[in-house]
Amino acid sequence: MPIASRTRLVAGLLMLATLAVLGVLSVLAVMPAAPRPADAPAGDFSADRAFVHVERIGQREHPAGSPAAGQVRDYLVGTLTGLGLDPQVRTGIGATGELGGVFGMADTRNVVVRIPGTAPTVPLILMAHYDSVQVSFGGNDDGAGVSTLLEIARALTAGPAPANDVILLFTDAEEACLCGAESFVTNDPLAAGRAVVLNVESRGSTGPSVMFETSPGNADLVSVYGSAVERPVATSLAVEVYRILPNNTDFTPFLDAGRFTGLNSAYIDGSGVYHSPQDTPASMDRASLQHEGENALALTRALAAADLADLAEPAAGDATYFPALGRLVRYPGWLVWPLAVAAALASLAAAAVAVRRGIAGPARMLGGFGLAVVPVIVAPVAAQGFWALLVALRPRYANLLDPWWPGWFRAAVVALVALVVLAWFGLLRRRIGPWPLIVGALGVLAGLGVVMAALVPGGSYLAALPALAGSLGVLVVLARPGLGPRVATGLVSGGVAVVILAPTVYLFFPALGLATGAAAALFATLLALALLPVLDLVYPPLPDPSRRGSTAPARINSPAMGPVGQEETISSARPSTPAGRRPPGPRSGRHRWWTAAPALLAAAAVLAGTGLGLLVDRVDDDHPDPAELAYVLDTDTGQARWVSTDARPGQWVSRYVTAPGTSADTFGLIPGPVTTGPAPPAGLPAPEVTVLDESADAVGRTVTVRVTPQRPVRLVHLGLTDVPVLGATVEGREVPPTELAGGLSVVFHAPPADGIDVTLRLGGTGPAELHVQDGSDGLDGLPGFTPRPAGVGIAGSHTSEMAVVGRTVTL
């Protein structure tokens, strides 16, 4: 290998190693630190102290309205009282359709306590929900949030009183319908005015605590977060994505009210336990609890000491922000467009200068822009194809967001992206030249930055800043050719891309799971394209064929291929290869192997990651295959059906469900698509419906009924669609008219044992059919049901293990 080629290769490898170390440091900076012990200073947050609460909260399933939920509520009241506080249980009917599907209502019991401030301006509300889904112990969701608030209460009461009032809100019925939060916002006098709200959540068992949602106009609050929190993990892209997704938390009713500002945080990795029986205290990563708690405590102290009158009002706009080596980089939203335009202009300038200097003709440069789109499309598609392959190999993955142990599979996806980009670059580099591809890739990044500035402004930085740094680096190299400037600019521009994009890739894998691995793959592709100026140095140099046979110094990179300096020149009069041996040319076997080597290494990494992932990801009682099954009985017809929402029912579920069904098979209570099968009818009683009052006028009639379950149930569903429903109230709470456009469909959670009162204002005077169903938890004892075998678990779902019994009553 010629000396200049060896120097170039060594420089490229050292640069990649340096950037790899920077990438590792960037990812480590967003990972949680070790948990603090129980003997940590009283003013600090200790995960070990908070975990004592998690163990008490997560002893058993505790959905809203259950006796176990009452025990958790009593524990909260007792713990807060022991801190010298005066907690209160606030009852109220919550009502919201924010979870999608059927409109939800619930009889809620929130636990509320106020820590009085010494000079209050606007209150600060800390919130977490204390209920679980019906099949989950709620160790993480939301034992993490509840224990965080209890530990914060201990820390605050152990020190000086805050300046502002701090309200701790433990909401009921979040899993059911967000109804505890909605009831507080609508009915509680503590929520009558403006306030700043911090919601603490969990959607997994491990990973960093991510501040993933904000109120509109977040610039001021994000500034406080970035200054107060020691290990901030937040990105404005997450806020943009969450605003698009149909996901909601207790934070949503506060946003809907329009008079609150705030932030929403959660740790989200380890989604296999989410809403499942595996969400026990033992599954919790205490480092994640520590990160969530110490961030919340630091932010609480900062906001409790601030003048919240301004922070309770939305700022003029949103900020752009992202984590970078332990800090939160942030700048005002009005800079999004200038930076995106600057990146686009810089990439166009790099292309123009390259053409003017004869490095590539206009056609090749334009071709480089067009060809750079290929990996941006192919790599995410390949990532989705990778998941499809895993599902084909292990059909049980079809019902998962992520496997139980996704780490090696995530590494394989990153390697797959590298394979696509490196194969693309290696195949086209000699044909079109490296610089058209490099400049074209930066141009595509700049174009994406402009598109994102228009569609998701908070995410534009992911493409615009690497494109701007890379294009400026290319302009420097074009102005000062040589290996030295390439190394310097490559490290700077590559460092910008790595610091910005490596944590994004790391965070997006658990956010959307391997089932939507294309998202993380897209950002990994942007990173790979931004690193092309560095990656090019590990490929063989391209001699200038026009200089063969000349005695003049020959450039390894010709003017058509890219600028070089004296470091990259060799003399044909003094070859550095042994006598009689030709240096490797672009068509030699050594040259081809050298060109193919990066892609081959990436392919080997894909195979290794896939193989190790399949080897490590196993099924056992603690990490089972999730299987969802419910039972629906119509007492009018005496017919019953098994129902599953599994995308691909496994062997055990397939014993019960055999054919696609519709929502009619579930009274509209279980959202489709579903698979159903016949079931033996059980001797379960349907709810009793008693007419309490009835009157008529010229428009229609008003009927009041009481619906009383005849067995212990978790919910009651009411449906009426055959006549116009002009109005409805349930337990004294009006159903919004917008929810009655297609008739009545309401689920009431945690119904009182003596039933719920329903008043219907019906159009016309003819009869109406009221469909009523109730749902209980547990399938044991039903005819035809056999327990799950080893390795098959209960899917995390709001309808898993539910037994629905319904009837129709003519009014």
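Residues numbered from 1 in each chain as written. Predicted model: local features only at pLDDT ≥ 70, side-chain atom pairs only at ≥ 80, totals over all residues. Heavy atoms only, no water.

(A) Structural view of the state of the cysteines. Summed over the entire model, instances satisfying the criterion amount to one disulfide. The residue that forms a disulfide with Cys-177 is Cys-179, at a sulfur-sulfur distance of 2.0 Å. For the disulfide bridge between Cys-177 and Cys-179, the dihedral angle about the S-S bond is near -130°, and by the sign convention the bridge is left-handed. (Disulfide = S-S within 2.5 Å.)

(B) Up close: the environment of Ala-379. For Ala-379, the position within the fold is in helix α14 (residues 373-393). In this structure Ala-379 comes out as buried when scored by relative accessible area, which is 1%. Once the C-alpha coordinates of Ala-379 and Ala-521 are considered, the two residues, 142 residues apart in sequence, prove to be 6.5 Å apart. Look past the residues within four positions of Ala-379 in its chain and what remains in contact with it is Val-417, Val-420, Ala-521 and Thr-525. (Helix = DSSP H or I, 4+ residues; strand = E, 2+ residues; numbered from the N terminus. Buried < 20%, exposed > 50% of the residue type's maximum accessible area, 1.4 Å probe, protein only. Contact = heavy atoms within 4.5 Å.)

(C) Looking closely at empty space enclosed by the protein. According to the stated counting rule, one finds five cavities of 30 Å³ or more in the structure shown. For the largest cavity, the calculated volume is near 130 Å³. Broken down by secondary-structure element, the contributors of at least two residues to the lining of the largest cavity are β5 (195-202), β6 (206-214), β7 (260-269) and α10 (286-305). Per element, the largest residue contribution to the lining of the largest cavity is four residues, and it comes from α10. Each residue belonging to the lining of the largest cavity can be placed in one class, and the counts come to seven nonpolar, five polar and one charged. (1 Å grid on protein atoms, 1.4 Å probe; cavity = no way out; pocket = protein on both sides within 12 Å on 5 of 7 lines; lining within 4 Å. Points joined across faces, edges and corners; volume = space filled by probe spheres on them. Nonpolar A, V, L, I, M, F, W, Y, C, P; charged D, E, K, R; others polar.)

(D) Spotlight on the packing of helix α4 (residues 143-157) against α10. Viewed as axis vectors pointing N to C, α4 and α10 meet at an angle of 45°, and their least axial separation amounts to 10 Å. With respect to α10, the axis of α4 lies oblique. Judged by the twist between their axes, the crossing of α4 over α10 is right-handed. Where α4 approaches α10, its residues Ala-144, Gly-145, Ser-147, Thr-148, Ile-152, Ala-155 and Leu-156 are matched on the opposing element by Leu-289, Glu-292, Gly-293, Ala-296, Leu-297, Thr-300 and Arg-301. In terms of residue class, the contact of α4 with α10 is built from seven nonpolar, five polar and two charged. (Axes fitted to C-alpha atoms, helices over the stretch in contact; angles between N-to-C directions. Parallel < 35°, antiparallel > 145°, perpendicular 65-115°, else oblique. Left-handed = near helix turned anticlockwise from the far one by under 90°.)

(E) A nonpolar patch on the surface, seen in detail. On the surface, a nonpolar cluster with roughly 440 Å² of combined accessible area is contributed by Val-21, Val-24, Leu-25, Leu-28 and Leu-325. A residue is classified by how much of its surface remains accessible, and Leu-28, at 45% relative accessible area, is partly exposed. (Patch = residues over 30% accessible without salt bridge, like charges linked within 9 Å, V, L, I, M, F, W, Y side chains within 5 Å. Areas by Shrake-Rupley, 256 points an atom, 1.4 Å probe, with all protein chains shown as cover. Salt bridge = Lys/Arg side-chain N within 4 Å of Asp/Glu carboxyl O.)

(F) Examining the sheet that holds strand β18 (residues 700-708) more closely. Taken together, the five strands give an open sheet; going across it, the order is β17-β18-β23-β20-β21, and neighbouring strands pair in antiparallel fashion. Each edge of the open sheet carries a strand with a single partner, namely β17 (688-696) and β21 (733-734). Bridge count for strand β20 (residues 725-730) against β21 is two bridges, and the pairing is antiparallel. Residue Val-730 lies in a different strand from β21, and its bridge partner there is Arg-733. (Pairing = 2+ DSSP bridges.)

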